[in-house]
Amino acid sequence: AQQDAIQTEEIKAHTNDNIVFKSRFNTNSAFLDTTANTLTIGQSVATQSTYELQVNGDILVKGANQYGSMYNEDRYGTITPIGPTQPHGKHYGPITANGVSAYTFSGLGDNPTLTLFRGETYAFNLNASGHPFVIKTVAGTGTGNIYNEGTTNQGVEQGYMFFTVPLDAPDTLYYQCVAHSAMVGTINVTDRLNSFRTSGSLVTGFTSGFANADIARFYWNLPEAGDYMLYSVLRTYLWSTTGFIKCRLFNNTTGSAIAGTDRMMFEVQNQAMAFNVMSTPVWKVTVGAASTIYLQLNATTAAAGIQDDFNGYNEQGWMRVH
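### Focus on a nonpolar patch on the surface
Reasoning step 1: Together, L193, M319 and V321 make up an exposed nonpolar region whose accessible area comes to about 250 Å².
Reasoning step 2: As for its placement among the helices and strands, L193 is situated in strand β18 (residues 193-196).

Next up, the structure:
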């Protein structure tokens, strides 16, 4: 119902009732819509999708937008997502628009490929009016294939979007401008802990100094710059002789051995011995970019090496620590 003045102190509405407050001097209406037990406050029925709650000109709540996000906006145009401050492991931005050809990430350039870790929260600081920033399962313009799980403020143009990567997130996602197809980049999603086992034959013959072990089996692919813990579980052996075998790490991306990574796995002096022993060297390394790390070996005798069979398999792994 409509009236020029409200005389009561309390207004009650039932489901599917609308209460309309109409100005004598303006044809626009503010309304309360209680459809489906949901209270919606808007400017008019026609603009319900962009409803606002205002106090003295400050917009307290404005949303939800077409991407399913809620956000606050003050009188100066500052936009922030609704809810408490989001803790985040990494901050990207400012992210601006290079015309309609790319998103430009500060320090990373145009449309960089990103690596995100499951379970971590990331902040994207957008300064790109006219270029709604969304995460998708399939690259392309429009609002199809949007990946909303774990996101806050999807579709933002000015302000922050947060993304907590679900533990079941697919290995590949995309960030995309809804309006421009060229403004797109790949997001590689990985676990913070990665381990693998590759079986093979004996690895021997490192008596001339350090050299790469089998690079198809003993390696670590580190997805981005940062600090990592690397480990190996190695079935080392010595047959009826004396001597030692030791290992170290070699960064194939930079083309150099990593200082301080030498590890002695065993050493036998004076009396010949024959044995298998499990060695578990661990390293903490820092890389400045995505890197491939190889295991290198050095031995005093060809009778010392690494063995791999059903009696003991070898395994490598890494964990991102920062």
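### Details of the sheet that holds strand β10 (residues 109-110)
Reasoning step 1: If you walk across this open sheet you meet the six strands as β10-β9-β8-β12-β15-β14, and the pairing is mixed. Every interior strand has two partners, whereas the edge strands, β10 and β14 (151-152), have only one.
Reasoning step 2: As judged from the seven bridges shared by strand β12 (residues 121-127) and strand β15 (residues 158-164), these two strands associate in the antiparallel manner. Across the sheet, N125 pairs through a bridge with Y160, a residue of β15.

### Here we look at the sheet that holds strand β16 (residues 172-177)
Reasoning step 1: Pairing in this open sheet of four strands is mixed, and the strands run β11-β17-β16-β13 from one edge to the other. Edge positions in the open sheet fall to β11 (114-117) and β13 (133-136), since each of these has one partner strand only. Taken pair by pair, the neighbouring strands of this sheet meet at an average axis angle of 30°, ignoring direction.

### Focus: the packing of aromatic side chains
Reasoning step 1: A full pass over the atoms with the stated rule returns 15 aromatic pairs.
Reasoning step 2: Taking 5.4 Å as the distance between ring centres and 85° as the angle between the ring planes, the aromatic pair formed by Y228 and W318 counts as edge-to-face. Remark: W318 occurs in strand β27 (residues 315-320) and Y228 occurs in strand β21 (residues 226-251); sequence separation between them is 90 residues. The same class applies to Y228 and to W318, which are both buried.
Reasoning step 3: Put simply, the rings of Y92, Y103, F105, Y122, F124, F133 and Y175 touch in pairs and so form one group of aromatic residues.

### Considering the pattern of salt bridges
Reasoning step 1: Summed over all chains, the structure comprises five salt bridges.
Reasoning step 2: In this structure, R118 engages D171 in a salt bridge whose closest nitrogen and oxygen atoms are separated by 2.5 Å. With a gap of 53 residues between them, R118 in the loop between β11 and β12 and D171 in the loop between β15 and β16 connect regions that are remote in the sequence.
Reasoning step 3: Relative accessible area serves as the criterion here: at 52%, D171 is assigned to the exposed category.
Reasoning step 4: The salt bridge partner of D214 is R217, with a shortest N-O separation of 3.7 Å.

### A word on the side chain of D227
Reasoning step 1: Within the secondary structure, D227 is located in strand β21.
Reasoning step 2: It is K284 that comes nearest to the buried, bridge-free D227 among opposite-charge side chains, at 4.9 Å.
Reasoning step 3: Separated by 2.6 Å, the side chains of D227 and T286 make a polar contact.

### Overview of the nonpolar core
Reasoning step 1: Formed by 52 residues in total, the largest nonpolar core has its most connected members in Y103, F124, L230 and L297.
Reasoning step 2: The leading source of residues in this core is β21, at seven residues.
Reasoning step 3: The contacts of L297, once residues within four sequence positions are left out, are V203, F206, G209, F210, A211, A213, I245, K246, C247, M265 and I306.

### Observations regarding the environment of V189
Reasoning step 1: Take V189: it is sitting in strand β17 (residues 184-190).
Reasoning step 2: Put simply, V189 and R118 are 71 residues apart on the chain and 6.7 Å apart in space, counted from C-alpha to C-alpha.
Reasoning step 3: Setting aside anything within four residues of it in sequence, one finds V189 in contact with L116, R118, V165, A169, P170, D171 and L173.

### Quick word on the confidence of the model for the protein chain
Reasoning step 1: Across the protein chain, the average pLDDT comes to 80, with 72% of residues at 70 or higher.
Reasoning step 2: Least confident of the elements in the protein chain is strand β5 (residues 58-63), whose mean pLDDT is 46; most confident is β16, at 98.
Reasoning step 3: Across residues 43-52 the pLDDT falls below 50, and counting only partners more than four positions away or on other chains, this stretch makes 26 contacts in the model.

### Examining unusual backbone geometry
Reasoning step 1: With omega at 0°, the peptide bond leading from G93 into P94 counts as cis.
Reasoning step 2: In this structure, P94 sits in strand β8 (residues 90-98).
Reasoning step 3: One non-glycine residue, N145, adopts positive backbone phi at about 65°.
Reasoning step 4: Within the element layout of this structure, N145 appears in the loop between β13 and β14.
Reasoning step 5: One non-glycine residue, N153, lies in positive phi territory at about 75°.
Reasoning step 6: You can see N153 is positioned in the loop between β14 and β15.

### Side note on the pairing of strand β24 (residues 282-287)
Reasoning step 1: The alternating pattern of β24 places W283, V285 and V287 on a buried face, while none of V282, K284 and T286, on the opposite face, is buried.
Reasoning step 2: As paired strands, β21 and β24 are joined by six bridges and run antiparallel to one another. Bridged to Y228 within β24 is V285.

### Some thoughts on the side chain of N298
Reasoning step 1: By the element assignment, N298 lies in strand β25 (residues 291-299).
Reasoning step 2: Residue contacts for N298: discarding those within four places in its chain leaves F206, G209, F210, F244, I245 and K246.

Cut-offs applied
- Residues numbered from 1 in each chain as written.
- Predicted model: local features only at pLDDT ≥ 70, side-chain atom pairs only at ≥ 80, totals over all residues.
- Heavy atoms only, no water.
- Patch = residues over 30% accessible without salt bridge, like charges linked within 9 Å, V, L, I, M, F, W, Y side chains within 5 Å.
- Areas by Shrake-Rupley, 256 points an atom, 1.4 Å probe, with all protein chains shown as cover.
- Salt bridge = Lys/Arg side-chain N within 4 Å of Asp/Glu carboxyl O.
- Helix = DSSP H or I, 4+ residues; strand = E, 2+ residues; numbered from the N terminus.
- Pairing = 2+ DSSP bridges.
- Axes fitted to C-alpha atoms, helices over the stretch in contact; angles between N-to-C directions.
- Phe/Tyr/Trp six-rings, centres within 6.5 Å; stacked < 30°, edge-to-face > 60°.
- Buried < 20%, exposed > 50% of the residue type's maximum accessible area, 1.4 Å probe, protein only.
- Lys, Arg positive; Asp, Glu negative; His and termini not counted.
- Polar contact = N/O pair within 3.5 Å; in protein donor to acceptor, adjacent residues only side chain to side chain.
- Core = buried A, V, L, I, M, F, W, Y, C linked by side-chain atoms within 4.5 Å.
- Contact = heavy atoms within 4.5 Å.
- pLDDT = per-residue confidence, 0-100.

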